[in-house]
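Per-entry structural report
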Amino acid sequence: MMQSLVAPALPTIQHALDTSQATSTWVMTAYLLSASVFTPILGRIGDLVGKKRTMVAALTALTVGCLLAALAPNIAVLIVARVVQGIGGALFPLSFGIIRDEFPAHRVSPSISNLSAVIAAGGGVGIVAAGPIVGALDYRWLFWLPSAVVAVTALIALRYVPESPNRGTGQVNWTGAVLLSGWLVALLLPLSQATSWGWGSGKVIGLLAAAVVLFGAWVLAEARATSPLIDLRVMRLPAVWTTNTAALLFGAGMYAVWSYLPGFVQTPSSAGYGFGSSVTGAGLLMLPMLVAMFLAGVVSGRLEPVVGAKPLLTTGAALGAVSCAMLALWHGQQWQIAVAAGVFGLGIGLAFASMANLIVQNVPAAQTGAATGMNANIRTIGGSIGAALMTSLVTGSLQPSGLPYASGYTHGFTLLACLCLAAALAALLVPAGRRTALVARAASTPAPRRETADH
């Protein structure tokens, strides 16, 4: 919710804090960069020092970030608060790892699917709930309400979540952490700001070049490290790299639809398209997506033991392609938008759950946090790419009124359909086997202290 809740309220925040549109977008960018950095790093720290204690620390940081955002007197403090909130992104890999460590084998896949459904639905809830909260209360309640919920959740986690017995060996490779942070920021920052900076600007080109250099340095440092932050052998496993490729492509379509579909329906009909909906009305049109993604995520947990995660990922990505094609071809009636949103929700629910299950099934238990964190990160990178491409197409040519032409959205949704279709093709490359040789060797290795042979 914290990732998407703020997006519909950015104009309100811009006006309330008397800032520019370019500056207000940093409320989203700061969270994106922070979550991208902290998710894999804290996932690895959880593998090493304990997932429960790392989870409680992340929840505490998220609470502090929400309180700071609710009290922020200006845009600078709000951006800092969003950076602190980004630490909460680490909850995803930590939660997947705890499920793998604590649950019996037959319950792992359904439980991960249920959790993935909640995660996916959270993004939809944020889009739907933002309008009514801001309309009835104030934008600051977008942070007051979550701060209370997260604080209670931290106490519940401290009391009831068991500390996972599985621990990785070695220590945190801080050189790798710094280099990982460096190339992620250097990559995501220009992708998220390219529209305002200009694709050919020195800042964009320079940062992208720096990202390439830092990525190479990170790969070299990780390959030489005795205790790498991200085990590159795991990243090269066929089931892992193909799943991550599908995550990159599907993430591009998913985040772009989340970002631009509400804006499409809020466009005044005088532009030749759109419905002039309010923020709340746009959220209601997204409601079918929210319901569908939650139901599909829960159902996928029951289907995965029968049909396997690979067909579910392929189907989910294909449904995303169908939905975007529907949006490109049929968007003249509100019911058409609602149906397309529902189809996309089915795709998200199936894809989220199956991606997480494929990663968990194919990496050693001690690498679960880092590997699932990197998968979430790659999906975020894809989302940044998709949003940047969609922005270029939608805003590349404007009407005299300043509104985008309908063709910009049509071309954009067509591109997203192609990206989701490419994700489905990547999913077809995922090996059918459930366990790799590397995982099998890890399972057969004598368990260290506090670790059980089952895991």
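Residues numbered from 1 in each chain as written. Predicted model: local features only at pLDDT ≥ 70, side-chain atom pairs only at ≥ 80, totals over all residues. Heavy atoms only, no water.

Another aspect to go through is the pattern of salt bridges. All chains considered together, the criterion is met by three salt bridges. Ionic pairing is found between Lys 51 and Asp 47, a salt bridge with its closest N-O pair at 3.7 Å. Here the two residues Lys 51 and Asp 47 agree in accessibility, since each one is buried. Here Asp 101 ties to Lys 51 by a salt bridge, and the two come within 2.8 Å at their closest N and O atoms. (Salt bridge = Lys/Arg side-chain N within 4 Å of Asp/Glu carboxyl O. Buried < 20%, exposed > 50% of the residue type's maximum accessible area, 1.4 Å probe, protein only.)

Once that is clear, we can look at the confidence of the model for the protein. With 94% of its residues at a pLDDT of 70 or more, the protein has an overall mean of 84. Counting contacts from residues 434–455, a segment whose pLDDT is below 50, to residues more than four positions away or on other chains yields 38 contacts. (pLDDT = per-residue confidence, 0-100. Contact = heavy atoms within 4.5 Å.)

Taken together, the side chains of Val 118, Leu 284, Leu 287, Val 291, Phe 294 and Leu 295 define a hydrophobic patch exposed on the protein surface, amounting to about 510 Å² of accessible area. Ranked by residue count, the leading element in the nonpolar patch is helix α14 (residues 287–307), at four residues. By secondary structure assignment, the location of Val 118 is in helix α7 (residues 105–136). Look at Val 118 and you get partly exposed, because its relative accessible area is 48%. (Patch = residues over 30% accessible without salt bridge, like charges linked within 9 Å, V, L, I, M, F, W, Y side chains within 5 Å. Areas by Shrake-Rupley, 256 points an atom, 1.4 Å probe, with all protein chains shown as cover. Helix = DSSP H or I, 4+ residues; strand = E, 2+ residues; numbered from the N terminus.)

What follows is about the environment of Pro 146. Structurally, Pro 146 can be placed in helix α8 (residues 141–160). A C-alpha to C-alpha distance of 35 Å links Pro 146 and Ser 269, two positions 123 residues apart in sequence. Residues in contact with Pro 146, not counting those within four places in the same chain, are Met 2, Leu 5, Cys 66 and Trp 141.

Moving on, we come to the side chain of Gln 336. In this fold, Gln 336 is placed in helix α16 (residues 334–361). Of the residues examined, Gln 336 reaches a relative accessible area of 16% and is grouped as buried. Only 2.9 Å separates the side chain of Gln 336 from the backbone nitrogen of Gly 332, close enough to count as a polar contact. Setting aside residues no more than four positions away along its own chain, Gln 336 makes contact with Trp 330 and His 331. (Polar contact = N/O pair within 3.5 Å; in protein donor to acceptor, adjacent residues only side chain to side chain.)

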